Amino acid sequence: MAQNRPCALISEVGREGLIQEAVDLMKQHFEIITHREFLQNPSLSSKIQVVFLWDNKPKPDSSLISSLPALKVIANGGVGIDHLDVPRLNALGIRVSNTPHVVSNATADMAMGLLLASETQFREQYMKRQCEMGFEVTGSTLGIIGMGHIGFKIAQRGRGFDMKILYHNRNKRSCEDEQAVGAVYCKNMEDLLREADFVVLAVNLTPQTTGLIGHKELSLMKTTATLVNISRGRVVDQDALVEALQKRTIRAAALDVTYPEPLPRDHPLLHLPNIIITPHIGTDTLATTLKMVQTMVDNALAAVQGQQIPNEVKPL
Ligand SMILES: O=CC(=O)O
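Here the structure is a predicted model, which is why all the values come from computation and not from measurement. (Residues numbered from 1 in each chain as written. Predicted model: local features only at pLDDT ≥ 70, side-chain atom pairs only at ≥ 80, totals over all residues. Heavy atoms only, no water.)

1. Thoughts on the UniProt feature "domain: D-isomer specific 2-hydroxyacid dehydrogenase NAD-binding" (unreviewed entry) in the chain
We count it as follows: UniProt positions are given in the numbering used here, feature names are shortened, and annotations may be inferred rather than shown by experiment. Under the DSSP-based scheme used, a helix requires at least four consecutive residues in state H or I and a strand at least two consecutive residues in state E, with every element numbered from the N terminus.
Look at the UniProt record and you will see "domain: D-isomer specific 2-hydroxyacid dehydrogenase NAD-binding" (unreviewed entry) annotated at residues 118-282. The distance from the first to the last C-alpha atom of residues 118-282 is 16 Å, and the span holds 31% helix and 17% strand.

2. Some thoughts on the pattern of salt bridges
Note the cut-off: The rule for a salt bridge is simple: a side-chain nitrogen of Lys or Arg has to be within 4 Å of a carboxyl oxygen of Asp or Glu.
If you walk through the whole model with that rule in mind, you get 18 salt bridges. Here Arg 95 ties to Glu 312 by a salt bridge, and the two come within 3.0 Å at their closest N and O atoms. A residue pair is termed long-range when its members are at least 10 positions apart, and Arg 95 in strand β5 (residues 95-97) and Glu 312 in the segment after α11 (286-304) qualify at 217 residues. Linking Arg 173 and Asp 177 is a salt bridge whose minimum nitrogen-to-oxygen distance equals 3.0 Å. The network of salt bridges with shared partners includes Glu 119, Glu 132, Arg 248 and Arg 251.

3. Remarks on the domain arrangement of the chain
Threshold: Source of the domain bounds: an automatic or database domain assignment. In this analysis, two residues are considered to be in contact whenever any of their non-hydrogen atoms come within 4.5 Å of each other. Two parts placed together each lose some accessible area under a 1.4 Å probe, and adding up what both lose gives the buried area.
Each assigned domain of the chain is listed with its residue range as follows: domain 1 (7-100 + 285-313) and domain 2 (103-277). Taken over C-alpha atoms, the centre of domain 1 sits 32 Å from the centre of domain 2. Between domain 1 and domain 2, the residue contacts involve nine residues of the former and five residues of the latter. With both chains or domains summed, domain 1 and domain 2 bury close to 560 Å², and 62% of this area falls on carbon and sulfur atoms. On the domain 1 side of the contact with domain 2, Val 79, Asp 82 and Thr 288 bury the most area, a combined 61% of that side's loss.

4. A closer look at the site of the ligand
Inclusion rule: A molecule or strand has a residue near it when one of that residue's heavy atoms lies within 4 Å. Polar contact is defined as a pair of N or O atoms within 3.5 Å, subject to the rule that within protein one atom must be able to donate a hydrogen and the other to accept it, and that residues adjacent in sequence are counted only when both atoms are side-chain atoms. Here, Shrake-Rupley sampling with a 1.4 Å probe gives the accessible areas, and only protein chains in the shown set may cover a residue.
In the vicinity of the ligand, the residues found are Gly 78, Val 79, Gly 80, Val 103, Arg 232 and His 280. Contacts to the ligand include Gly 80, whose backbone N or O atom sits 2.8 Å from an oxygen atom. Measuring from an oxygen atom of the ligand, one finds a side-chain N or O atom of His 280 at 2.7 Å. In isolation the ligand has 190 Å² of accessible area, and contact with the protein removes 84% of it.

5. Considerations on the confidence of the model for the chain
Put simply, the test is: pLDDT is defined as a per-residue confidence score from the predictor, taking values between 0 and 100.
Residues with a pLDDT of 70 or more make up 99% of the chain, whose mean pLDDT is 96. At the level of chain-chain contacts, confidence expressed as ipTM amounts to 0.97, with global pTM at 0.96.

6. Quick notes on the packing of aromatic side chains
The criterion, for reference: The criterion for an aromatic pair is that two Phe, Tyr or Trp rings (for Trp, the six-membered ring) have centres within 6.5 Å, with stacked assigned to planes under 30 degrees apart, edge-to-face to planes over 60 apart and tilted to the rest. Exposed residues in this analysis have more than 50% of their type's maximum accessible area, buried residues have under 20%, and partly exposed residues fall in between, with area computed by a 1.4 Å probe over protein chains only. Whether a charge lies above a ring is judged from NZ of Lys or CZ of Arg, which has to be within 6 Å of the ring centre and within 35 degrees of the ring normal.
Summed over the entire model, instances satisfying the criterion amount to three aromatic pairs. Seen from their ring centres, Phe 135 and Phe 198 are 6.0 Å apart, and the 75 degrees between their planes marks the pair as edge-to-face. Of the two residues, Phe 135 sits in the loop between α5 (104-127) and β6 (141-145) while Phe 198 sits in strand β9 (residues 198-201), which places them 63 residues apart along the sequence. Exposure remark for Phe 198: the relative accessible area of 1% places this residue in the buried category. Centroid distance Tyr 167 to Tyr 185: 5.1 Å. Interplanar angle 45 degrees. Geometry classified as tilted. In this pair, Tyr 167 sits in strand β7 (residues 164-168) while Tyr 185 sits in strand β8 (residues 183-185), placing the two residues 18 residues apart along the sequence. Sitting above the plane of the Phe 122 ring, Arg 251 keeps its charged end 3.7 Å from the centroid.

7. Structural notes on the pairing of strand β2 (residues 31-34)
Here is the rule: Each pair of strands is called paired provided DSSP finds at least two bridges between the two strands.
Here four bridges tie strand β1 (residues 7-10) to β2, and the two strands are oriented parallel to one another. Each residue of the ladder has a partner; that of Ile 10, found in β2, is Thr 34.

8. Details of helix α10 (residues 238-246)
The periodicity of an α-helix, 3.6 residues per turn, causes residues three or four positions apart to be oriented the same way. Inspection of α10 places Gln 238, Ala 240, Leu 241, Val 242, Ala 244 and Leu 245 among the buried residues, and these make up the whole buried set. On its buried face, α10 sits against α9 (215-220), β10 (226-229), β11 (252-255) and β12 (275-277). The residue sitting at the N-terminus of α10 and contributing the capping side-chain oxygen is Asp 237; that oxygen lies 3.1 Å from the backbone nitrogen of Asp 239. Positive phi appears at Arg 248, one or two residues downstream of α10, with a value of about 60 degrees.

9. So, the nonpolar core
Heads up, the rule is: To qualify as a nonpolar core, a set must consist of buried Ala, Val, Leu, Ile, Met, Phe, Trp, Tyr and Cys residues joined through side-chain atoms within 4.5 Å.
Residues Phe 30, Phe 52 and Ile 154 are the most contacted members of the largest nonpolar core, which totals 51 residues. Top element by residues in this core is α11. It accounts for nine residues. When residues are assigned to domains, this core turns out to be shared by domain 1 (7-100 + 285-313) and domain 2 (103-277), each giving three or more. Look past the residues within four positions of Phe 52 in its chain and what remains in contact with it is Ala 8, Leu 9, Ile 10, Met 26, Phe 30, Ile 32, Lys 57, Pro 58, Ala 75, Met 296, Val 297 and Ala 300. With 31 residues, the next largest nonpolar core counts Ile 213, Leu 227, Val 242 and Ile 250 among its residues.

10. Some points on helix α6 (residues 149-160)
This is how it is decided: In this scheme, a helix's expected span is set at 1.5 Å multiplied by one less than its residue total.
Taking 1.5 Å per residue, twelve residues should reach 16 Å; α6 reaches 17 Å between its end C-alpha atoms and fits that length. Buried residues belonging to α6 abut α5, β6, β7, α7 (175-181) and β9. Taken from the residues just after α6, Asp 162 is the one with a positive phi, measuring 55 degrees.

11. Points about the environment of Leu 255
With respect to the helices and strands, Leu 255 occurs in strand β11. Separated by 161 residues in sequence, Leu 255 and Ile 94 place their C-alpha atoms 33 Å apart. Here Leu 255 is in contact with Leu 114, Asn 229, Leu 241, Leu 269, Ile 275, Ile 276, Ile 277 and Thr 278, once residues within four sequence places are set aside.

Printed below as a string of structure tokens:
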């Protein structure tokens, strides 16, 4: 059995890579080769059929891809695939998969955690008489931009806080979905921006959503509103955000994502009192990590067996 297992490349095990439990799951079906082992022994290249991509590592640049002639699939850990050029990979005969749905609960928890933490920060600063009082989350208005699986989970959580829920999305959700969370569709994003106390970004990064929130959008937000981003840093124009936070045209921001990641130490965002930044940890719970890895394994197995991949990413 062992010698028949297909080979898969990972970055590293441990602090800079995958946790051991994740690698153990992979090893049930694949012979695992770390990037370091691969660099030390390039003859392994003809055996590798899968790259398990975690935190965009091992970086699938053209030098890596061209050195893997047997590569069938890049199984990405995570739902966002903005770091991959899917059409180019497909043209080389390499398929791409991701892990949607399994990341949604942890990411939605993170959004609510950031939202609440940003208000906690105000209360703490108020105790030191350094800023105004906290803003009550319960009963406030939550504006969700991007009502996919994660956005919907955020709405469910907002409902638990008796929030009025507005959403903006390419497509209106079904009436049943809207009723389930009491969400109201804003076809026009500007209406949401004007009304929401908390604006949460849950869109994929695409050419259409790059810079979606810039000077104009921030200027439409209430001066008491907070921006929460758990999607991708590039959805927000960071220079515009710095200005809005410095001039207090919005109250605060709470970001799990920035560009670059991490931000350089002297980046102005890191030195503002009205911001919380976490280092892209939305999915970093043990349960979600293991579900993601199992999904990566299922996708990769289907690819090496020439079957339909459960979560194949198709070019837009
Ligand atoms: O960033 C996390 C993901 O893409 O799932």
